[in-house]
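Here's the letter readout for the chains.
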Amino acid sequence: MTEAAKEARRAYHREWQRKNPHKVAIYKKRYWEKKVRFYEERKLEKQ
């Protein structure tokens, strides 16, 4: 992927995030909940 294509992709993503803050919040919440579950499972496996 060329640098120009990467920058265009980043610009589109920034614009999408700006227009959809509610979706960004949902995705972030889901990401962190998934991380917590993963680390809790790992913690239980070590015991």
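Numbers given to residues run from 1 along each chain, matching the order in which its sequence is written. Selection of residues for local features in this predicted model requires a pLDDT of at least 70, selection of side-chain atom pairs for listing and counting requires 80 or more, and totals for whole chains, interfaces and linings are taken over all residues. Side-chain figures throughout are based on the complete set of non-hydrogen atoms in the structure, without hydrogens or water.

1. Structural notes on the overall build of the chain
Applicable threshold: Under the scheme used here, helices are H or I runs from DSSP no shorter than 4 residues and strands are E runs no shorter than 2 residues, and both carry numbers assigned from the N terminus. Between buried and exposed lies partly exposed: a residue is buried under 20% and exposed over 50% of the maximum accessible area for its type, with that area taken using a 1.4 Å probe on protein chains only. Reported accessibility uses the Shrake-Rupley method at a 1.4 Å probe radius. Residues are deemed covered only where the shown protein chains occlude them.
Along its length, the chain carries two helices and zero strands. The principal-axis extent of the C-alpha atoms belonging to the chain is close to 50 × 30 × 5 Å. Sorting the 47 residues of the chain into buried and exposed places 4% on the buried side. For the chain, the computed accessible surface area is about 4800 Å², with 57% contributed by carbon and sulfur atoms.

2. A short note on the pattern of salt bridges
Using the following cut-off: Salt bridges are defined by distance alone: a side-chain nitrogen of Lys or Arg within 4 Å of a carboxyl oxygen of Asp or Glu.
This model, assessed by the stated rule, comprises six salt bridges. Among the ionic pairs, glutamate 15 bridges to arginine 18, the shortest N-O distance being 2.5 Å. Here arginine 18 and glutamate 15 lie together in helix α1 (residues 3-19), a separation of three residues that amounts to about one turn. Overall, the relative accessible area of 58% leaves arginine 18 in the exposed class. Between lysine 29 and glutamate 33 there is a salt bridge; the shortest N-O distance is 3.1 Å. One end of the pair, lysine 29, and the other, glutamate 33, are both in helix α2 (residues 21-46), four residues apart, so they sit about a helical turn from each other. The exposure class of lysine 29 is exposed, given its relative accessible area of 53%. Look at glutamate 33 and you get partly exposed, because its relative accessible area is 38%. Members of the salt-bridge network, linked through shared partners, are Glu7, Arg10 and Arg14.

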